[in-house]
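Residue strings, one per chain:
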Amino acid sequence: MQSKRRNFAIACCATLPFLYGCAITNYGDNQFKLSMASSGKDVMWVPTKVEMADQMLTLAQVRPGDLVYDLGSGDGVIPIEAAKKYQVRAVGIEYNPDLVKLSQRNAERAKVENLVVFKQGDIFVEDFSNATVLTLYLGESLNTKLMPTILKMQAGTRVVSNTFQMESWVADQEVRISNGEMAYLWIVPASIDGSWLWKGPSVLGDVHLVVRQKKQFFDGTLYQGSKQIAHFENGRIRGSDLEFSFAHQNTNYVFKGRVNGPSMAGILNNNPALSVSGKR
C-alpha cells in the first residue's frame, strides 16, 4: 500500500504548481518544514488539498452539532476547514508530534483553536466512537483494517475517504473533484442481522422476519409459524432507515421503516393504516 501512496505522491508532485494551498498551507511553517511524501508510521504523508477537504465535508453533509474526527490528520486541513466552514467541533488524530504542533499553530492562524483539538496518538488505539463524521486519507489496507471498528460506530455516522476505498464495503456514494481525485462516502448501518418478531396489519398478521445482513445490504425471509410466506434479496439500510420489498398472496409490498436498537417500526406501501412494529 505504501507503493500506491508513493505513486500518488509522485503524481501530486508533477502537478504541484496547480494544487491550491499546497505551497503554504500543506508544507509546514517557519517552525517545522515538511516535504511531500514524508515517511509516517504506516503511510507516507501526502497533503490533503483544501478543495478535496471541502468536497469531503460536503459529501458528508456536515451540519450544526456534528463532531468531525480526522484520522491521520497531518497538518490539520480537514478539521480546520470543518471548523471554519461549518462552525462544528473537530478532532484530528496524528501520530507525528511535530505535525500535531503544526496543526495547532495552523488552527490558531485560522482562528478556530476554540473548536479544533489535535491529539498525538495511534488511530488503532485512540477512541473516536463518538464521531458523527469520520474522514480518512490512509490507503485501502488501513481503511480495511479500520472497517470492523467503524462498523461498530453509531448508526448514521458518515465516513468519507480521500482516494481509497474499503475492501468488501461498497461506498454509498462517490464524487470526483475537478482534478480527477475521488472521494467515497459510507453511512454506518445499524445492525439488524438476526430474527425479528413482527406485529403487522391483518393482511400479514404476526410474522417472523429473519434478516441476513451484509453491511448496508440485506436479504430476508418472512415466516408465519414454520411456513415461509416471502423471501427478498433487495434490502437496503442507510443508517437506521431501512427499506425492502416482497410479495405475499399476489400482492407486492414495500416496507419502509426505522430501527432503534432492539425495535423496528414502519409502514407498508406508504400507507399509515398498514403499520408494522417489530422486536428482536
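A. Structural view of the packing of helix α2 (residues 50-59) against helix α3 (residues 77-86). Axis separation between α2 and α3 bottoms out at 9 Å; the angle between their running directions is 60°. Crossing angle aside, the handedness with which α2 passes α3 is right-handed. Of α3, the residues touching α2 (which contributes Val50, Ala53, Asp54, Met56, Leu57 and Thr58) are Val77, Ile78, Glu81, Ala82, Lys85 and Tyr86. Partitioning the contact of α2 with α3 into residue classes produces 8 nonpolar, 1 polar and 3 charged.

B. View of the sheet that holds strand β4 (residues 89-94). The sheet built from 7 strands is open, its strands ordered β5-β4-β3-β6-β7-β9-β8 with mixed pairing. What marks the edges here is a single partner per strand, and that holds for β5 (116-120) and β8 (173-176). On average, each strand axis in the sheet is inclined to that of its neighbour by 20°, with strand direction left out of account. Note: strand β7 (residues 158-162) against strand β9 (residues 182-187), 5 bridges, orientation antiparallel. When the sheet's bridge partners are listed, Asn162 is paired in β9 with Ala183. Contacting β3 (67-71), β4, β5 and β6 (133-136), α3 crosses the sheet at an angle of about 165° to β5. The sheet strands contacting helix α5 (residues 140-151) are β3, β6 and β7, and the helix crosses β6 at an angle near 170°.

C. Geometry of the sheet that holds strand β11 (residues 206-214). If you trace the 8 strands once around the closed barrel, you get β10-β11-β12-β13-β14-β15-β16-β17, paired in antiparallel fashion. Each strand axis lies, on average, 30° off the axis of its neighbour in the sheet, ignoring direction. In terms of strand pairing, strand β10 (residues 194-199) meets β11 through 6 bridges, oriented antiparallel. What sits directly across from Trp198, in β11, is Val207.

Each value, and the rule that gives it
Residues numbered from 1 in each chain as written. Predicted model: local features only at pLDDT ≥ 70, side-chain atom pairs only at ≥ 80, totals over all residues. Heavy atoms only, no water. Axes fitted to C-alpha atoms, helices over the stretch in contact; angles between N-to-C directions. Helix = DSSP H or I, 4+ residues; strand = E, 2+ residues; numbered from the N terminus. Left-handed = near helix turned anticlockwise from the far one by under 90°. Contact = heavy atoms within 4.5 Å. Nonpolar A, V, L, I, M, F, W, Y, C, P; charged D, E, K, R; others polar. Pairing = 2+ DSSP bridges.

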